[in-house]
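Residue-level structure breakdown
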Amino acid sequence: MNENNVILTGDRPTGSLHLGHYVGSLKKRVELQETGKYKQFVMIADIQALTDNADNPKKIRENIMEIMLDYLAIGLDPNKTTFLIQSQIPALYELPMFYSNLVTVARLQRNPTVKQEIKLRNFEKSLPVGFMNYPISQAADITAFGAKYVPVGIDQLPMIEQTREIVNSFNRVYKTDLLISPEAILPDDEICYRFVGTDGNTKMSKSLGNCIYLKDSSEIVKNKIMGMFTDPKHLKVEDPGDTQNNPVFIYLEAFVTDEHFKKYLPEYKNLNELKAHYERGGLGDMKVKKFLNEVVQEFLAPIRERREKYEKAKPELFAVLKKGTEYSIEYTNKILKEVKNTIGINYFEDMKFQQFFH
Ligand code: ATP
Ligand code: MG
């Protein structure tokens with residue numbers, strides 16, 4: 001069971017996936033998948049989505065297919081990665097019940113990501129218990145698969161930390177080494193840890209309406225890029241501009257290659273030259289945005305193409321998801337059983353327990 005090469009990640013089916021998901025986690029998943037060294041599970045986190053959408057299960061149902069299409073479009077491969085739906089896996093409900101006894105309310109309240117999300121959702125006055133508990137549920141997701149690695153954006157680090165604490169408590173209290181302590185895998189490039197939205201304010205997030213979606217048409221992408229925030233002090237072309245906190249340059253940093261310069265903007269060799277010109281003044285936003293548009297369109301084109309192909313094969317996707325979920329039920333049940341054995345609540349299989357009734 002302790003394979004130590006298991007990867008688990010997932011996404012909330014609250015909307016389609018966007019560039020933030022791509023650079024923050026999806027890209028790594030594809031890379032790790034292609035090494036052939038890991039056993040990778042990708043989970044559609046519908047239970048977690050319900051924690052702040054309890055009144056809108058329809059939205060969640062509809063987005064499951066959308067997310068599957070996004071997954072396959074970016075190159076996750078059902079022959080190499082197992083896909084599953086969280087709510088169909090009994091172990092993921094049972095484990096949080098046991099783990100919640102090992103976590104204090106104060107500890108949950110200290111979680112900075114949860115704090116921020118509570119604020120964002122106006123949950124300050126009436127906080128659903130389910131929402132407060134979702135870090136425990138996430139610990140169950142990770143440990144139920146015995147996952148060692150979790151490729152995520154930086155907002156998820158407090159969740160991984162919480163999981164590690166639960167693992168330590170469980171192993172200490174029940175004198176075992178059954179549960180594996182997971183590690184986050186962050187993107188290679190720091191600017192992708194928390195990829196900024198088109199508004200330049202904060203992270204790109206479905207809830208904030210500042211996203212470029214992987215499935216956006218080329219027209220929509222162009223409009224979004226042309227409408228992007230840049231440096232507010234860069235009013236005239238001659239003005240010196242800031243490239244550090246400028247999302248247009250941050251997006252270039254994430255996606256541009258020197259080849260793009262050769263093809264679309266040959267007067268510059270690379271991003272450093274372009275940045276230097278912008279910083280000293282004399283380079284207009286329009287020109288940079290047009291270039292960024294070419295770069296992003298080139299990145300999205302094959303993704304769109306694959307998406308179209310899979311849109312014609314939806315029954316196959318249904319089968320993939322069903323099969324992956326069934327496999328995951330079996331897989332996690334094995335760990336669940338060991339957890340119950342370890343706690344000592346395996347009454348009907350335990351001879352020592354049966355002796356009490358003799
Ligand atoms: P929601 O607003 O519904 O929470 P979201 O856009 O934050 O949606 P999630 O489903 O919560 O998306 O996140 C899924 C994964 O994608 C997580 O690993 C998260 O860290 C990563 N991720 C999401 N947005 C970004 C971003 N802007 N930059 C880097 N990683 C991100
Ligand atoms: Mg989120």
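Read on for a plain summary of the structure. (Residues numbered from 1 in each chain as written. Chains lettered and ligands numbered in written order. Predicted model: local features only at pLDDT ≥ 70, side-chain atom pairs only at ≥ 80, totals over all residues. Heavy atoms only, no water.)

**Digging into the site of ligand 1**
Rules: Here a residue counts as near a molecule or strand whenever at least one of its heavy atoms sits within 4 Å of it. Between N or O atoms, a polar contact is any pair within 3.5 Å; within protein, one atom must be a potential hydrogen donor and the other a potential acceptor, and residues adjacent in sequence are included only when both atoms are from side chains. The accessible surface values rely on the Shrake-Rupley method and a 1.4 Å probe; as for residues, cover is taken only from the protein chains in view. Think of it this way: any DSSP run of H or I at least four residues long counts as a helix, any run of E at least two long counts as a strand, and we number them from the N terminus. When residue character is reported, Ala, Val, Leu, Ile, Met, Phe, Trp, Tyr, Cys and Pro are called nonpolar, Asp, Glu, Lys and Arg charged, and the others, Gly included, polar.
Residues in close proximity to ligand 1 total 22 residues, the closest being His-21, Asp-155, Phe-195, Ser-205 and Ser-207. At 2.9 Å from an oxygen atom of ligand 1 is found a main-chain nitrogen or oxygen belonging to Gly-153. Note that a nitrogen atom of ligand 1 is positioned 2.9 Å from one of the backbone N or O atoms of Met-204. Within the complex, 96% of the 600 Å² of free accessible area of ligand 1 lies under protein. The element best represented in the shell around ligand 1 is helix H1 (residues 19-35), accounting for 3 residues. Grouping the constituent residues of the shell around ligand 1 by class yields 5 nonpolar, 10 polar and 7 charged.

**A look at the packing of helix H3 (residues 57-74) against helix H15 (residues 314-343)**
The following threshold applies: Axis definition: a line fitted to C-alpha atoms, limited for helices to the stretch in contact. Angles are taken between N-to-C directions and run from 0 to 180 degrees. In this scheme, roughly parallel covers angles under 35 degrees and roughly antiparallel covers those over 145, while 65 to 115 is roughly perpendicular and the rest are oblique. We call two residues in contact when some of their heavy atoms are within 4.5 Å.
As a packed pair, H3 and H15 sit with axes 11 Å apart at the nearest point and diverge in direction by 95 degrees. The orientation of H3 with respect to H15, classified from their angle, is roughly perpendicular. Contacts between H3 and H15 involve Ile-64, Met-65, Met-68, Leu-69 and Leu-72 from the first element and Lys-314, Leu-317, Val-320 and Leu-321 from the second. For the contact of H3 with H15, the class distribution of residues is 8 nonpolar, no polar and 1 charged.

**Some details on the packing of aromatic side chains**
To describe a pair of aromatic rings, one takes the distance between the centres and the angle between the planes. Selection rule: Working definition: a ring pair exists when centres of Phe, Tyr or Trp rings (six-membered ring for Trp) sit within 6.5 Å. Plane angles under 30 degrees give stacked, over 60 give edge-to-face, the rest tilted. Per-residue accessibility, obtained with a 1.4 Å probe over protein chains only, is compared with the maximum for each type, and a residue is labelled buried under 20%, exposed over 50%, and partly exposed between these values. A ring has a charge above it when a Lys NZ or an Arg CZ is no more than 6 Å from the ring centre and no more than 35 degrees off the ring normal.
Enumeration according to the criterion identifies 21 aromatic pairs in this entry. Relative to Tyr-174, the ring of Phe-170 lies with its centre 4.8 Å away and its plane at 50 degrees, an arrangement referred to as tilted. Between the aromatic rings of Phe-255 and Phe-299, the centroid separation amounts to 4.7 Å while the plane-to-plane angle is 45 degrees, which identifies the pairing as tilted. Here Phe-299 lies in helix H14 (residues 285-311) and Phe-255 lies in helix H11 (residues 247-255), a separation of 44 residues in the sequence. Accessibility classification places Phe-255 together with Phe-299 in one group, the buried group. A network of ring pairs unites the aromatic residues Tyr-22, Phe-195, Tyr-251, Phe-255 and Phe-299 as a single cluster. Taking NZ or CZ as reference, Lys-309 lies 4.9 Å from the ring centre of Tyr-310, over its face.

**Topic: the environment of Gln-297**
Of note, Gln-297 is situated in helix H14. For Gln-297, a relative accessible area of 15% puts it in the buried group. For Gln-297 and Ile-343, which are 46 residues apart along the polypeptide, the C-alpha to C-alpha distance reads 54 Å. Dropping the residues within four chain positions of it, Gln-297 is found in contact with Ser-218, Val-221, Lys-222 and Arg-304.

**Structural notes on the pattern of salt bridges**
Heads up, the condition is: For salt bridges, the criterion is a side-chain nitrogen of Lys or Arg within 4 Å of an Asp or Glu carboxyl oxygen.
Inspection of every chain in the model, using the stated rule, returns 24 salt bridges. Here Asp-155 makes a salt bridge to Lys-203, at a shortest N to O gap of 3.3 Å. Taken as a pair, Asp-155 in the loop between strand E4 (149-151) and helix H9 (157-173) and Lys-203 in the loop between strand E5 (183-185) and helix H10 (218-226) lie far apart in primary sequence, 48 residues in all. Residue class for Lys-203 comes out partly exposed when judged on its relative accessible area of 27%. The residue Arg-164 makes a salt bridge to Glu-161 at a minimum N-O spacing of 4.0 Å. One end of the pair is Arg-164 and the other is Glu-161, both in helix H9 and 3 residues apart, which spans about a single turn. A cluster of three or more residues bridged by salt bridges with shared partners is formed by Glu-66, Asp-70, Lys-215, Arg-307 and Glu-311.

**Considerations on the pairing of strand E1 (residues 6-11)**
Just so we agree on the cut-off: Only when DSSP finds a minimum of two bridges between them are two strands counted as paired. For a crossover, the right-handed case is the one in which the path from the first strand over the helix to the second runs clockwise, viewed with the strands pointing away from the viewer.
Taken across its 6 residues, E1 has 5 buried, putting it largely inside the fold. Across 6 bridges, E1 lies against strand E2 (residues 39-44) in parallel orientation. What sits directly across from Asp-11, in E2, is Ile-44. Between the parallel pair E1 and E2, the chain is carried across by H1, and the sense of this crossover is right-handed.

**Observations regarding the nonpolar core**
The criterion, for reference: Side-chain atoms within 4.5 Å link the members of a nonpolar core, which is a set of buried Ala, Val, Leu, Ile, Met, Phe, Trp, Tyr and Cys residues.
If you look at the biggest cluster of nonpolar residues, it comprises 56 residues, and the most contacted ones within it are Leu-19, Tyr-71, Phe-195, Leu-214, Leu-252, Phe-255 and Leu-274. Top contributing element to this core by residue count: H14, with 9 residues. Filtering out sequence-adjacent residues up to four positions away, Leu-214 remains in contact with Leu-17, His-18, Leu-19, Tyr-22, Leu-26, Asp-70, Ile-74, Phe-299, Leu-300, Ile-303 and Arg-304. If you look at the next biggest cluster of nonpolar residues, it comprises 39 residues, including Val-6, Phe-41, Leu-108 and Met-132.

Nothing here speaks to function; it is geometry throughout.
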